[in-house]
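# Summary of the model geometry
Read off the chains here:
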Amino acid sequence: FQLYGYCYQDSNDIPDTLTTITELGSPLEMIQLLQTSWEDRFRICLSLVRLLHYLAHSPLGSVTLLDFRPRQFVIVDGELKVTDLDDASIEENSCSSNSDCFMEFPARNFTLPCSVEGRCQSMNEKRNLYNAYRFFFTYLLPHSAPSSLRPLLDKIVNATGNCNKHSYANFNSEFTQKCVKSANTKYRRVPEAFIPDENYRCWPSYHHKGCLLSVFDINEAIEICDSYSQCKAFVLTNQTTWTGRQLVFFKMASNHIVPDPDKITYVKVTD
């Protein structure tokens, strides 16, 4: 969380008071997040992964957030940031045997190894990881995810649910890579053209009155159009999402096409 300034105050009424000035974020509402596109939810999870890595390797050592719940976070420019560090701790539990390294959660429990130094190994890191799983990953990642990524998502969610670290390094690249099979449906390409009407609603969509989705390439756009019975055409725009995927309008007809130098229309060819 970006710190813009702070003020230390010591008075008779309020001793040892530190006031911080931080960037403004939006409260995290899980129900609202579930209504956003999967790509936006993926971005939030990716920022949470970066936070988990930083907490595990901070200059102070491994830091755990004892109150790791959605209310402790805000959304800033589409990314998740922690705002409340009152319950942060760098203390690793001391132990004399593995039974002293017991972590209890509502759904399951874990027993970690006790190191020769008498400390529970990676307890701070694993506590953060499991809380990220039960409060964020299990809700935000699998829900309406691209079908080609679901096996990878299942692997990631299961790994975090078992308190095992998983490599996320290639996750973003796999999402932005072409991951669909070429379709057999024929489409007629109409350059510099747009269909202003003929909208239908789909979910999730970047446009509340139409079906506006992100694609990697033309093949993925064809696959999406073929998956909707009402889709008869689609329009490639020159806009992209934060991952570089192109935004595409999907249309239920192509009766009225108008010139537009920034768009390309594809019309389904019927026999």
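Here is a short report on the structure shown in this document. (Residues numbered from 1 in each chain as written. Predicted model: local features only at pLDDT ≥ 70, side-chain atom pairs only at ≥ 80, totals over all residues. Heavy atoms only, no water.)

## A closer look at the state of the cysteines
For the coordinates displayed, the defined rule picks out four disulfides. For the chain, the disulfide bridges join cysteines in the arrangement 1-3, 2-4, 5-6, 7-8, where the cysteines are counted in sequence order. (Disulfide = S-S within 2.5 Å.)

## A look at the nonpolar core
Formed by 33 residues in total, the largest nonpolar core has its most connected members in Phe73, Phe136 and Leu141. Residue assignment for this core shows that the elements contributing at least two residues are α1 (30-34), α2 (38-56), β5 (73-76), β6 (79-82), α3 (123-140) and α4 (150-161). With ten residues, α2 is the largest single contributor of residues to this core. Excluding its chain neighbours within four sequence positions, the residues that come into contact with Phe73 are Leu28, Leu51, Leu65, Phe68, Leu80, Lys81, Val82, Thr83 and Phe136. By size, the runner-up hydrophobic cluster in this structure holds 16 residues, among which are Tyr200, Ala221, Cys231 and Val248. (Core = buried A, V, L, I, M, F, W, Y, C linked by side-chain atoms within 4.5 Å. Buried < 20%, exposed > 50% of the residue type's maximum accessible area, 1.4 Å probe, protein only. Helix = DSSP H or I, 4+ residues; strand = E, 2+ residues; numbered from the N terminus. Contact = heavy atoms within 4.5 Å.)

## Concerning the packing of aromatic side chains
Throughout the structure, instances matching the rule amount to 14 aromatic pairs. Note on Phe194 and Phe249: the rings are 6.1 Å apart at their centroids and 65° apart in plane angle, and the pair reads as edge-to-face. Here Phe194 is found in strand β10 (residues 187-194), whereas its partner Phe249 is found in strand β13 (residues 246-251), with 55 residues between them in sequence. Site record: aromatic cluster; members linked through ring pairs are Phe105, Phe110, Tyr130 and Tyr133. (Phe/Tyr/Trp six-rings, centres within 6.5 Å; stacked < 30°, edge-to-face > 60°.)

## Brief notes about the sheet that holds β5
In space, the three strands of this open sheet follow the order β3-β5-β6, with antiparallel pairing throughout. Edge positions in the sheet fall to β3 (26-27) and β6, since each of these pairs with one other strand and no more. Taken together, the four bridges between β5 and β6 define a ladder with antiparallel strand orientation. Counted as the bridge partner of Phe73 is Val82 from β6. Running over the sheet, α2 touches β5 and β6 and is turned about 40° from β6. (Pairing = 2+ DSSP bridges. Axes fitted to C-alpha atoms, helices over the stretch in contact; angles between N-to-C directions.)

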